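What follows is the residue order along each chain.
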Amino acid sequence: MFEDDYKDHAWVNFDVLEKFMADCLVCSGVPIEDAKIIANVLIESDKRGIDSHGIGRLKSIYLDRIEMGILNPTTKIDVITDKKATAVLDANNGMGHIAGVNAMKMAIKKAREYGIGMIAVRNSSHYGIAGYYATMAVDSGMIGITGTNARPSIAPTFGVENMLGTNPLTFGIPTDEEFPFVLDCATSISQRGKIEVLDRAGEDTPEGWVIDQNGEPLHDTHEILADLTKGIAALAPLGGVDEKMAGYKGYGYATVVEILCAALQNGSWMKALNGIDENKKPVPYRLGHFFIAIDPEFFMGTETFKMIAGNICRELRASKKAPGHDRIYTAGEKEWEARKFREKHGCPISKNLQKVIKSLCTRWGLDFKWEFDLPLVINEPDFS
């Protein structure tokens, strides 16, 4: 896996990359303490092996949008309602990571008192990997659930128009094992971030991921990214574009997330999240999120919960394997292993991303000595 995916990459120290991202954000006008939080969310994605949502998105999703004036670098959070176990927050088109961290902290605090806490957020922006917030709850001994809507990408079953966002529905569940159960995935077969990774690698998009206006599969990754933005291509929901492989299930779950991210907080939805106005000018995305923390102590006790959750995962992994396979995984296990590997070797940086990093250093005069041909602070993995 590593040899095929990363043999031409530079492996760079995580602390260096995290500081670099924070410095770039500060140069863009983000307050330093907020910049550290955002950089931590992004680097956590890279540490878990989720290359679609880490440093690769620093410029295109955050720095560029701040420069365009559609993302506020300073995040002002207003409390709209606050009632015992629930609250609604308005992020005022600020940084989604700051809204997310504050909202999940609030949910955890409420769960400590009431057993459950749920916070809805409106007028926010892309908040990185949803799993970051779910595992905030896990780190507090709780179940964490979160979801976010996004700019339209998914076509409904039997449709070809991109209507719903990739809308992850994410769970973090504590166990008695070394790592938690973390299910962090989109409700589409794939999502823009993974297609961006393919684009940087110069690879085609697999059949079944994206369709055109005639329902035909698309493969040219660079064109797909452009067509998604134009609204003339759409991602397939989990299960595919028809009912043969139960695509209606992915479509249904994406709709659930859309409703919970808009209706609870009186927020925006679907086409209103396109990021452009009627004159085709860029505007804030105004995304919605929800965050739930559940304290198992209020049920049969935290230790009992963690033991049973761990037993379920262990029994699944110990079950009979299919021919040609010697291992079964539970959700979050691959990310845990990727983290252990990358903590030793660093973050893989593609050649295209190296150019972006160098250009940002030049733009702001940042004093980072990137020697990508002779990588800095790197232990290049031995793939032999």
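Shown above is the structure to which this text applies.
My aim in this report is to walk through the structure given alongside it, one point at a time. (Residues numbered from 1 in each chain as written. Predicted model: local features only at pLDDT ≥ 70, side-chain atom pairs only at ≥ 80, totals over all residues. Heavy atoms only, no water.)

1. As for the overall build of the chain
Next up, step 1: Per the secondary structure count, the chain includes 12 helices and 11 strands.
Next up, step 2: Here the C-alpha atoms of the chain give a radius of gyration of 21 Å, agreeing with the 21 Å that 2.2 N^0.38 yields for 384 residues.
Next up, step 3: The C-alpha extent of the chain, read off along each of the three principal axes, is 55 × 55 × 50 Å.
Next up, step 4: A buried classification covers 52% of the 384 residues belonging to the chain.
Next up, step 5: Summarising the internal contacts of the chain: among those between residues at least 6 apart in sequence, 68% fall at separations of at least 24.
Next up, step 6: With the model as given, the accessible surface of the chain reaches about 18400 Å², and the carbon-plus-sulfur share is 54%.
Next up, step 7: Charged side chains in the chain number 43 positive and 53 negative. The centres of these two groups are separated by 4 Å. (Helix = DSSP H or I, 4+ residues; strand = E, 2+ residues; numbered from the N terminus. Rg over C-alpha atoms; globule rule 2.2 N^0.38 Å. Buried < 20%, exposed > 50% of the residue type's maximum accessible area, 1.4 Å probe, protein only. Contact = heavy atoms within 4.5 Å. Areas by Shrake-Rupley, 256 points an atom, 1.4 Å probe, with all protein chains shown as cover. Lys, Arg positive; Asp, Glu negative; His and termini not counted. Charge placed at Lys NZ, Arg CZ, Asp CG, Glu CD.)

2. Here we look at empty space enclosed by the protein
Next up, step 1: In total, this model carries 3 cavities of 30 Å³ or more according to the counting rule given.
Next up, step 2: Empty space within the largest cavity amounts to approximately 50 Å³.
Next up, step 3: For the lining of the largest cavity, the residue count by class is 4 nonpolar, 3 polar and 2 charged.
Next up, step 4: Its boundaries defined by the atoms lining it, the second largest cavity holds a volume of some 40 Å³. (1 Å grid on protein atoms, 1.4 Å probe; cavity = no way out; pocket = protein on both sides within 12 Å on 5 of 7 lines; lining within 4 Å. Points joined across faces, edges and corners; volume = space filled by probe spheres on them. Nonpolar A, V, L, I, M, F, W, Y, C, P; charged D, E, K, R; others polar.)

3. Some thoughts on the sheet that holds strand β3 (residues 86-90)
Next up, step 1: An order of β2-β3-β4-β10-β5-β6-β7 is seen for the 7 strands of this open sheet, with the pairing classed as mixed. Bordering the open sheet on either side are β2 (78-83) and β7 (181-183), each of which pairs with just one other strand. Across the sheet, the axes of successive neighbouring strands diverge by a mean angle of 10 degrees, strand direction being ignored.
Next up, step 2: One ladder, built from 5 bridges, connects β2 with β3; its direction is antiparallel. Each bridged residue has a counterpart across the sheet, and for K83 the counterpart in β3 is T86.
Next up, step 3: Helix α5 (residues 96-114) rests against β2, β3, β4 (116-124), β5 (143-148) and β10 (287-294) of the sheet, and its axis sits at about 160 degrees to β4.
Next up, step 4: Running over the sheet, helix α6 (residues 131-139) touches β5, β6 (169-173), β7 and β10 and is turned about 25 degrees from β6. (Pairing = 2+ DSSP bridges. Axes fitted to C-alpha atoms, helices over the stretch in contact; angles between N-to-C directions.)

4. Overview of the pattern of salt bridges
Next up, step 1: Considering all chains together, one arrives at 20 salt bridges under this definition.
Next up, step 2: Close ionic contact of D51 with R342 constitutes a salt bridge, the shortest N to O distance being 2.8 Å. Taken together, the positions of D51 in the loop between α3 (32-47) and α4 (58-68) and R342 in helix α11 (residues 333-345) put the pair 291 residues apart, joining distant regions of the chain. Like D51, the residue R342 is buried in the burial classification.
Next up, step 3: In this structure, the salt-bridge partner of E161 is K271, at a minimum N-O distance of 3.2 Å. Note that E161 is positioned in the loop between β5 and β6 and K271 in the loop between α9 (247-260) and β10, a separation of 110 residues in sequence.
Next up, step 4: With a relative accessible area of 40%, E161 lands in the partly exposed category. (Salt bridge = Lys/Arg side-chain N within 4 Å of Asp/Glu carboxyl O.)

5. Some remarks on the layout of surface pockets
Next up, step 1: Considered as a void within the structure, the second largest pocket measures approximately 770 Å³ in volume.
Next up, step 2: What lines the second largest pocket is a set of 30 residues, and nearest its centre among them are S60, R65, R151, E196 and T229.
Next up, step 3: At the level of elements, α4, α7 (192-201), α8 (221-230) and α12 (351-364) are the ones that each hand at least two residues to the lining of the second largest pocket.
Next up, step 4: A total of 6 residues in the lining of the second largest pocket trace back to one element, the largest contributor, which is α4.
Next up, step 5: The residue makeup of the lining of the second largest pocket, split by class, is 11 nonpolar, 8 polar and 11 charged.

These results come straight from atomic positions and should not be treated as a statement about function.
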